[in-house]
Amino acid sequence: MLASRLSPLALAIGSAILLAACGGGGGGGSTSSGGGTATPTSVTVTPSLGKFSTGCDVVLLDASGNTLGSGKIGSDGAATIAVGSYTGIVIAQVRGSSGCQYYDESTRAPANFGSGQTLSAVVDATRTQVGINALTNLAASRLLDGNKLAAGKTSSDVQTENLSIQRMFQVSDMLSPATPIGSSSDKLTNTGEADKLALVLAALSELADIRGSDVHTLATQLASDLAADGKLDTLDATTLQNALADAANRVAAPSTLATFTKLADNTVLVPKIADVAGDVAKVMAAGSAIDQARKLFADLRINLLALSNDSGTGSLDKEQQQLAADFQSGISIDVAFKTLTLLSDAALGYFVNGETGSISSSAGICAGSMVSASCLIYGSSDTPRYLIVLAPGSTAGLATWNVSASAPSSGGPLVNLSGLTGTLTLGIGGFTANGKLQPMTGDTAYTAVNLTALQSGFTVGARKWSGAGTFDAIKSDGSSALKATIGSLAVDEAAYTANLALVLTGPHHRFDGNLNLSGKLAAADGSNEQPRTGVFTGSFTNTTSGLKIFDGTLTASQNWTASGSYAGYDPRQAESGSNYAQASVSFIGTVSKAANVAGLAIELSGNNNAGRKRQVANFKITSGGVIVSGTGTQSQTASGDTWDWALSNENGLKASYANATRSGKVTKADGTEVGTISTQRVSFVDGTYESLL
């Protein structure tokens, strides 16, 4: 329901509600990836047993063992080698020589990589980046005959062998460079795929340490073991898990340790190539969709779950918690303004024009004479009625008010009040109000008013108003709960429209922009009057942190009139499945997860037209070049409310998730399986996963 009380909490969190169930995770992909779709004219090779020293030799060969090019490793641990227009299978090798060394993580010291020592990787097509490591060497051991591709092996075999090793060790792309570890002080400060690969390689160094060998010797032994029968007889799942945990403690930065510890716990080595054949076939069928899924879900996880998540740790979650405290009080600007115009009309009518009949508006009704007047201000389902006494001022054109009593709207005795007084300065063309008006919510003591309003026309219900001023909700301790500074105000009584340029300031937040209200809704007896539509254009900022929570246009509208299967809404009665306001909300703009960080471009819309517990949401999110669109549909079950979510990217990758079963799936446009979704992770068919926590 579009609340008549203007609340930054509703405006800020209204857009966040539609985001709460979105999230995602990571992927896998073709071994021919690694730097875009254009055919590369050079290849940058980064070997890793630990970072290699400058001057080490790297060579690129074709499938027949012919040299495509060679180069020396530079200070960055990589060598870039020109390959011209060549597009076929590439064999990449780092070859030992005098003076060539690598940082051996098992001994925490430089180790010689002497003449005759090699480490290899084989890719099915040229790519801009190639990593060489112990895992690529495992696949190469089953593909090479010396320095050339073994007889009968094809590019399809190269893909299959590489994907098999990746699935066995649950890495997404072992052929991309790993984050280099060149000293004991180097730490993994990020949790990307290059860092995850580096952790697995660090775990192998832990195994080398346990076995009393260097990393290259271990890599050679594992390659010989696997090449013999397609099974790692010298390494099992438990041993690798323990090594991963030890490696995480050694190379993870404090900020990433928890993530890498969880990665270690959830990595289960499959030691036999035959046992991953089914998954490899799925990966081949999924193709580049796994890479797309990784980017899509990782981006959603990093961005949307940073905004809102089930754990309540997102930026909007934290804002909501603070907002709940900051803005439990509010200012009903429309009610306050209508109250003041009624008081002005009554004071002018009784004290200046000598009227004797009742004077009323949608705000309340007054009765009086030349010497005094009493006005009953209508309440609502959540606000009381107030009795305000008017008296002529000491000079012509002045009047005073005294909010003398209140009573529950549902009925009950009057409660005497004191101290809520103010002054009206009357004129033919408007009024100025200054003083203390009734509180707009029960948790404030009063509303401090300082407003000048000018009118055009004199027929009540057909006037146009303009003005400026402040409304300030004051707590019992004298502090401001929420202050509205109105730069300009325009009200058309006949058209039921209002436009305000305003700043709302709370203890920790500021709300800057324009608010347009239009249309009128009311109960059958005229009570509980509310605007039909509200449009806010502007920004909402946490003044303490500098976080601009959102910047854009938020539109909300509601309907109370029965139509078809909709029974309508009576605000005087309790809300239920048959008595509720039909509401629609949309937002177009940006939402931010942190101060000084570019926000996400978001388009949201939602409504409950199908039923109070049958809401529908639509969204489109753009971030980092990734465009994601989707829908959410609410339903009510015996166990509670549930949501079904579906989203897709611009390339047709699809994901669905059902809150009821706490599960979902990721597919290509043609339905090919890419992965599954649980409450904690997205698991991909290549054995990798991305945490949702």
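Going by the structure above, here's the rest.
Overview of the structure. Values in this document were obtained by computation on a predicted structure and should not be read as measured data.

1. A few points about the pattern of salt bridges
Tallying each qualifying case throughout the model produces 19 salt bridges. With its nearest N and O atoms 3.2 Å apart, the salt bridge here joins Asp-173 to Arg-127. Of this pair, Asp-173 sits in the loop between helix 3 (155–169) and helix 4 (193–210) while Arg-127 is found in the loop between strand 8 (118–123) and strand 9 (129–132), placing the two residues 46 residues apart along the sequence. Taking the relative accessible area as the measure of exposure, Asp-173 reaches 15% and is therefore buried. Judged by its relative accessible area of 2%, Arg-127 is buried. Within this structure, Glu-105, Arg-108, Glu-206 and Arg-250 form a network of salt bridges that share partners.

2. Quick notes on the sheet that holds strand 9
The strand order across the open sheet formed by three strands is 4-1-9, and the pairing between neighbours is mixed. Each edge of the open sheet is held by one strand with a lone partner, namely strand 4 (79–82) and strand 9. Neighbour to neighbour, the strand axes of the sheet diverge by 25° on average, direction disregarded. One ladder, built from four bridges, connects strand 1 (residues 42–47) with strand 4; its direction is antiparallel. Bridge pairing links Val-43 to Ile-81 in strand 4.

3. Examining the pairing of strand 5 (residues 90–95)
Extensive coverage of strand 5 is indicated by the burial of five of its six residues. As defined by bridge partners, strand 2 (residues 57–61) adjoins strand 5 across five bridges and the pair is classed as antiparallel. Note on strand 5: the bridge partner recorded for Val-58 is Val-94. Across six bridges, the pairing between strand 5 and strand 8 is antiparallel. Each residue of the ladder has a partner; that of Ile-91, found in strand 8, is Val-122.

4. Structural notes on helix 6 (residues 237–251)
Between its terminal C-alpha atoms helix 6 stretches 21 Å, which fits the 21 Å expected from 15 residues at 1.5 Å a residue. Looking at the buried positions of helix 6, the neighbouring elements they touch are helix 3, helix 4 and helix 7 (257–266). Where helix 6 starts, the residue carrying a side-chain oxygen 3.2 Å from the main-chain nitrogen of Thr-238 turns out to be Asp-236.

Reading guide: rules and limits
Residues numbered from 1 in each chain as written. Predicted model: local features only at pLDDT ≥ 70, side-chain atom pairs only at ≥ 80, totals over all residues. Heavy atoms only, no water. Salt bridge = Lys/Arg side-chain N within 4 Å of Asp/Glu carboxyl O. Helix = DSSP H or I, 4+ residues; strand = E, 2+ residues; numbered from the N terminus. Buried < 20%, exposed > 50% of the residue type's maximum accessible area, 1.4 Å probe, protein only. Pairing = 2+ DSSP bridges. Axes fitted to C-alpha atoms, helices over the stretch in contact; angles between N-to-C directions. Expected span 1.5 Å × (residues − 1). Contact = heavy atoms within 4.5 Å. Polar contact = N/O pair within 3.5 Å; in protein donor to acceptor, adjacent residues only side chain to side chain.

Without other data, these values stay purely geometric and don't point to any function.
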